[in-house]
Amino acid sequence: MTSVLGLALLGLALIAGPSVAFVPIGGGASTHVSITGTALLQKVTETCRAVAEAAGHEFKPTGSSPEELVQACLGPTAPGEVSGAKFHSALQEIYTQNGLVDRDFVNSASHHFNSEAFLEGRGLITEGMVAIKANIRKENFQAARETLGRVLHTLQDFYSHSNWVELGYTEPYINLIRPDLTLENLADVNTATCSDCASGTCPNPILPNILKEKKLTSGYMGISSSYKPQGKCSHGGEGDMTSTTDPRGGISKDERRSDNVALHDAAVKAATAASLQLLEDIRSAAGDNDFLRMMGIARSSVVCFVIDTTGSMSDDIDEARAVVYEIIDSKKGTQDEPSEYILVPFNDPSFGPMIRTTDPDKMKKEISKLTATGGGDTPEMCLSGLQLALTGAPGSSYIYVFTDAPPKDIALKDTIVALIRSTKSTVSFFMTGASRRRRRSLTAPSFNDYKDLALASGGQAIQVSKRQLPQATDIILDTSTSALVTVLQQERTPGKQESFPFKLDESLLNITIYITGTSITFELTNPAGVSQSSTEASGKLGTIQTVGNLRRIRLNADKQTGTWQININSNQPYTLKVTGQSTITFIYDFVERFKGPHPGYAVLSGRPQAGQPATLMLSVMGRKGPSSMTVGNIGLVTVSGPEAMSNSTMADMGNGDILVTVDTVPEGEFVVLLKGTDKVSNTVFQRQSTTQMSVSKVNIQAAVDSSVEPGTTFTLPFSVMTQGSGGQYSISARNDRNFNMHYPSSLTLTTGEYTNATLTITPPASTTSGTDITLTIEAKSSSGVDSNYVVLRLSVVTKITDFVQPLCEVVSVLADDCPQDVSQCGPFQWELSANLTDGNGTGIERISLRQGDGNLTYTSLSAPIIQANYNASCCSQIVEFIAVDNVGNVGKCYHSIVRSGGPPALSLSLPLWLCLLMSAFVMWP
């Protein structure tokens, strides 16, 4: 499987070469992406339905698109626009990491269950599931998604690369996700498993005695060697050198060929069902709400404040507090209500901690505690606080920084730029210090550094007096909203007179234009030729608010669709940004093609390579899914010059995914611009990305696939290469936890060749399990002209030995009063009593109701044996509740009083393996 960002692209990338994973060849369409996507969408739909029913409303999507699924999942009671962008992004992160297993670990038998590496493969799944559950507990959802993608790849490969389905099994092998159960009947290294297949495409070369004895084996895979133990099966295919060693052929079911249709289809079914089992276990451990948050099912808006708390900031803190209160109070109950609140205070020399919560009352309480104290010298630790926010907030967040002093920690600036590009978050600064302070030297920090960062992220750098600050914070109310899109963003340094055209489509609401700069005049003109000048505070087109260096123009609700134009005149630097609310949007990643036995595309962590075409993968979203729009042009444009879209070729991959190749990349900083037509309204739209990007001749490669234990040194290999001039390159690395690291300060590079190095990082023994580390590595030429970076996430996970799920024993069921005729059930009740225990494990942390409309109560969770009592109407005949222990093991208690004649149903205590099997059962068409 490749790291493509869509099902069809995956197929396109793999048809051209040999493969070691599920691939769509010979008319099939089952891939790692399709298997993963099917399982994820089914589990998300189940969870959304459960959440909706628990909230008392019907779950009824208006269509099948992800946008409509998100709208239905968030419920009908909160009016407003809902974007599916975060859900799309979450899916793509999982797909990407799933595919990267084939690039970064192509030679690892355990990652693919090749070469009978069953214990090692199960070990990877176990370690990954522990990390996922620990990350979710700490609300590190991106780290959880990335690990989930890798774990699903390994789990799915078991069914394609082993003889599980040849043995006649149709259900998943649950022992793979149950480390407390033994992997049984494994063929040993001296046991022959396959017969010779001269043609290479024999229907089933597994030896009869292996099938009879139900021995589990998998194909050996050799990319650089043809060796395998005597008599063993090969993986097969062009990329496998062992397939020409007797016994020849292979047992891989990656491809759907005429000779293996039934086996391939059986492997796909089993892999899909196994993926559902794993997702169900994670969902049960996390709870429905956090599972949906991990999947990006949340209102788009995340409010994130980074606030200077030094002595001179009293007025600024008061205004930030007032803004937070207004957001909470005015947006409650709408789709614009933030899904999460994040607060990062900074002082000197301290900064943090980061406070994050979904509870608005808690955020009110936390921000009310802020007081202005300390400081002294002018610069403060602003960038350290911003680094915490960028690594802690979800991707594509809007972050607001309040300060009255330049940054003391200016050495973090390159790291901040790397994090902005990696997360695609937008940072706006509210600066209330002396704006005309003379810079002490060319390298001394100043407010201009904040302006650089704001521009790089697509944000605003607003300079006002402390008295004017309350007027400037309207921009926070504008942008802390769902379904926010950017129509246009430009900057001019130095300033000049210029006209900027932009297209407004029918779907856009709450359109706002922002201009920052000094000594500015402008005139706005709509498609009908009606104009309004900068001197008209309230005119025919909208209202204009001027505060400090900011002009905020809010268009009237009856705006016309079509091409608008704004003419700006100033000889001073200025920026222009046009935003609105719309569900028509796109997400994108720069990708690179990788070669080898299984070629494909991988998402770039750093900057694209200079001197070659840039390749992007875009997912386009419309009001009714991708079918409700037509894409016209996609290209790269600079924000510092006239709009001139670079020439590009587009390949429609289906399902809204588009592969874009740009032959000539603009010089300097650029963004992505998309134009198309909304079929719903038949109006032309344009959307622009906010994060600026540029190319580099330097490339850094690094991959993470294991968690880090507290108190243990973790070694990370990485490689650096340049297509530019060789020589000495400086290496710098930073992590957001300030954990101790060691790495070479410089490397000597030879043009076109990778130089290998290692970095070690040691989290303290006291580090909480589930903590994630955001690590940035940068390589810079001696001249400082060229550089690149890579951003990685590592999970700190305490090693656990408790893999036994809580146990449930149904003690009594009183259902004799329930009538056999269900239509007469209304007046009658039934009761159930059960004992729950975690044995010698870590203890039960949470008990929750999964199925049933009754009332569940239980005794103290600290007791060795917890008594649970359930009572319900006889109309609600099934109950299932879940017990989760302190390390995420899940036990289920299930009972049904459904009966078809005869005596009442017997009480039943199901073994956990059977409960899990029942909960993951899938009906196949």
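Scoring rules and cut-offs
Residues numbered from 1 in each chain as written. Predicted model: local features only at pLDDT ≥ 70, side-chain atom pairs only at ≥ 80, totals over all residues. Heavy atoms only, no water. Helix = DSSP H or I, 4+ residues; strand = E, 2+ residues; numbered from the N terminus. Rg over C-alpha atoms; globule rule 2.2 N^0.38 Å. Contact = heavy atoms within 4.5 Å. 1 Å grid on protein atoms, 1.4 Å probe; cavity = no way out; pocket = protein on both sides within 12 Å on 5 of 7 lines; lining within 4 Å. Points joined across faces, edges and corners; volume = space filled by probe spheres on them. Nonpolar A, V, L, I, M, F, W, Y, C, P; charged D, E, K, R; others polar. Buried < 20%, exposed > 50% of the residue type's maximum accessible area, 1.4 Å probe, protein only. Pairing = 2+ DSSP bridges. Axes fitted to C-alpha atoms, helices over the stretch in contact; angles between N-to-C directions. Disulfide = S-S within 2.5 Å. Salt bridge = Lys/Arg side-chain N within 4 Å of Asp/Glu carboxyl O. Expected span 1.5 Å × (residues − 1).

Asker: Where do I start with the overall build of the protein chain in this structure?
Answerer: Secondary structure assignment for the protein chain yields 18 helices and 38 strands. Compactness check: the protein chain gives a C-alpha radius of gyration of 29 Å against a globular reference of 29 Å for 925 residues, within 12% of the reference. Projected onto the principal axes, the alpha-carbon positions of the protein chain cover approximately 85 × 75 × 55 Å. Within the protein chain, contacts between residues separated by at least 24 positions form 72% of all contacts whose residues are at least 6 apart in sequence.

Asker: What is the right way to read empty space enclosed by the protein from this model?
Answerer: Picture a little ball the size of a water molecule; that probe, rolled over the atoms, points out where space is still empty. Inspection of every chain in the model, using the stated rule, returns 7 cavities of 30 Å³ or more. Here the second largest cavity defines a volume of roughly 160 Å³. If you trace the second largest cavity, you find 16 residues lining it, with Lys-133, Ile-177, Pro-179, Phe-803 and Asn-889 closest to the centre. No other element matches the 5 residues that helix H6 (residues 118–137) contributes to the lining of the second largest cavity. Tallied by class, the residues present in the lining of the second largest cavity amount to 9 nonpolar, 4 polar and 3 charged.

Asker: Just to check I follow, could you spell out the environment of Thr-309 for this structure?
Answerer: Here Thr-309 shows up in the loop between strand E1 (302–308) and helix H11 (314–331). Here Thr-309 falls in the buried class, since its relative accessible area comes to 9%. Sequence separation between Thr-309 and Cys-893 is 584 residues, and the spatial gap between their C-alpha atoms is 51 Å. For Thr-309, the residues in contact, after removing those within four places along its chain, are Ile-317, Pro-345, Phe-346, Asn-347, Leu-370, Thr-371, Ala-372 and Thr-373.

Asker: Quick question: what am I supposed to make of the sheet that holds strand E17 (residues 600–603) here?
Answerer: Sheets are built from strands paired through backbone hydrogen bonds, the pairs being either parallel or antiparallel. Strands sit in the order E17-E16-E18-E21-E20 across an open sheet of 5 strands; the sheet is antiparallel. Two strands bound the open sheet, and with one partner strand each, they are E17 and strand E20 (648–654). Within this sheet the neighbouring strands show an average axis-to-axis angle of 35°, counted without direction. Bridge count between E20 and strand E21 (residues 657–662): 6 bridges; the pairing is antiparallel. Looking at E21, one finds that Ala-651 is bridged to Leu-659. Most of the contacts of helix H4 (residues 85–104) go to strand E16 (residues 585–594), to which it runs at about 10°, and overall it touches E16, E17, strand E18 (614–621) and E21.

Asker: Even after reading the chapter, I still don't get unusual backbone geometry, so can you show me in this structure?
Answerer: The phi torsion of most residues other than glycine is negative, and most of the peptide bonds are trans. Of note, the bond from Asp-246 into Pro-247 is cis; its omega dihedral lies within 30 degrees of zero at 0°. Looking at where Pro-247 falls in the secondary structure, it is placed in the loop between helix H8 (208–212) and helix H9 (261–286). Thr-493 connects to Pro-494 through a cis peptide bond whose omega is 0°. Relative to the elements of secondary structure, Pro-494 occurs in the loop between strand E7 (484–492) and strand E8 (498–504). The backbone of Glu-116 sits at a positive phi, close to 60°, despite the residue not being glycine. By the secondary structure assignment, Glu-116 is in the loop between helix H5 (109–112) and H6. What makes Glu-116 buried here is its relative accessible area of 12%.

Asker: Hey, could you run me through the state of the cysteines in this one?
Answerer: Here is the idea: a disulfide is a covalent bond, and it sits between the sulfur atoms of two cysteines. In the structure shown here, the tally under the stated rule is 6 disulfides. There is a disulfide in this structure between Cys-48 and Cys-73, and the S-S distance comes to 2.0 Å. The S-S bond linking Cys-48 to Cys-73 shows a torsion near -90°; that makes this disulfide left-handed. One end of the pair, Cys-48, is in helix H2 (residues 32–55); the other, Cys-73, is in helix H3 (residues 66–74), and 25 residues separate them in sequence. Overall, the relative accessible area of 0% leaves Cys-48 in the buried class.

Asker: Would you take a moment to explain the pattern of salt bridges for this structure?
Answerer: If the charged atoms of two oppositely charged side chains come close together, the side chains can form a pair. In the structure shown here, the tally under the stated rule is 46 salt bridges. Across the salt bridge formed by Arg-248 and Asp-196, the nearest N and O atoms sit 2.7 Å from each other. Taken together, the residues Arg-248 in the loop between H8 and H9 and Asp-196 in the loop between helix H7 (141–161) and H8 connect sequence positions 52 residues apart. By relative accessible area, Arg-248 is classed as partly exposed at 34%. Given a relative accessible area of 35%, Asp-196 falls into the partly exposed group. Residue Asp-348 pairs with Lys-408 through a salt bridge whose shortest N-O separation is 2.6 Å. With a gap of 60 residues between them, Asp-348 in the loop between strand E2 (340–346) and strand E3 (355–357) and Lys-408 in the loop between strand E4 (398–403) and helix H14 (413–423) connect regions that are remote in the sequence. Each member of the salt-bridge network shares a partner with another, and the members are Lys-43, Glu-46, Glu-280, Arg-283, Asp-288, Arg-850 and Lys-892.

Asker: Looking at this structure, how should I read H7?
Answerer: Note: α-helices contain 3.6 residues per turn, so residues at a spacing of three or four share the same orientation. Counted at 1.5 Å a residue, the expected span for H7 with its 21 residues is 30 Å, and the 30 Å between its end C-alpha atoms agrees. Of all 21 residues making up H7, 20 are buried, and the element is well covered by its neighbours.

Asker: Help me understand the sheet that holds strand E25 (residues 714–722) in this model?
Answerer: The strand order across the open sheet formed by 4 strands is E24-E25-E29-E27, and the pairing between neighbours is antiparallel. Each end of this open sheet is capped by a strand with a single partner; those strands are strand E24 (698–702) and strand E27 (740–742). Strand-to-strand, the axes of this sheet are offset by a mean angle of 25°, without reference to chain direction. The pairing of E27 with strand E29 (residues 755–762) spans 3 bridges and is antiparallel. Bridge assignment links His-742 to a residue of E29, and that residue is Thr-760.

Asker: Hey, could you run me through the pairing of strand E38 (residues 890–896) in this one?
Answerer: Looking down a regular strand, the side chains alternate between one sheet face and the other. Counting buried positions along E38 gives 7 out of 7 residues, so the element sits mostly inside the fold. Burial along E38 is two-sided: Val-890, Lys-892, Tyr-894 and Ser-896 facing one way and Gly-891, Cys-893 and His-895 facing the other are all buried. Here 7 bridges tie strand E37 (residues 878–885) to E38, and the two strands are oriented antiparallel to one another. Pairing of Ile-878 across the sheet is with Ser-896, part of E38. As consecutive antiparallel partners, E37 and E38 are separated by 4 residues, and within that stretch Gly-888 has a phi angle of approximately 95°, a positive value.

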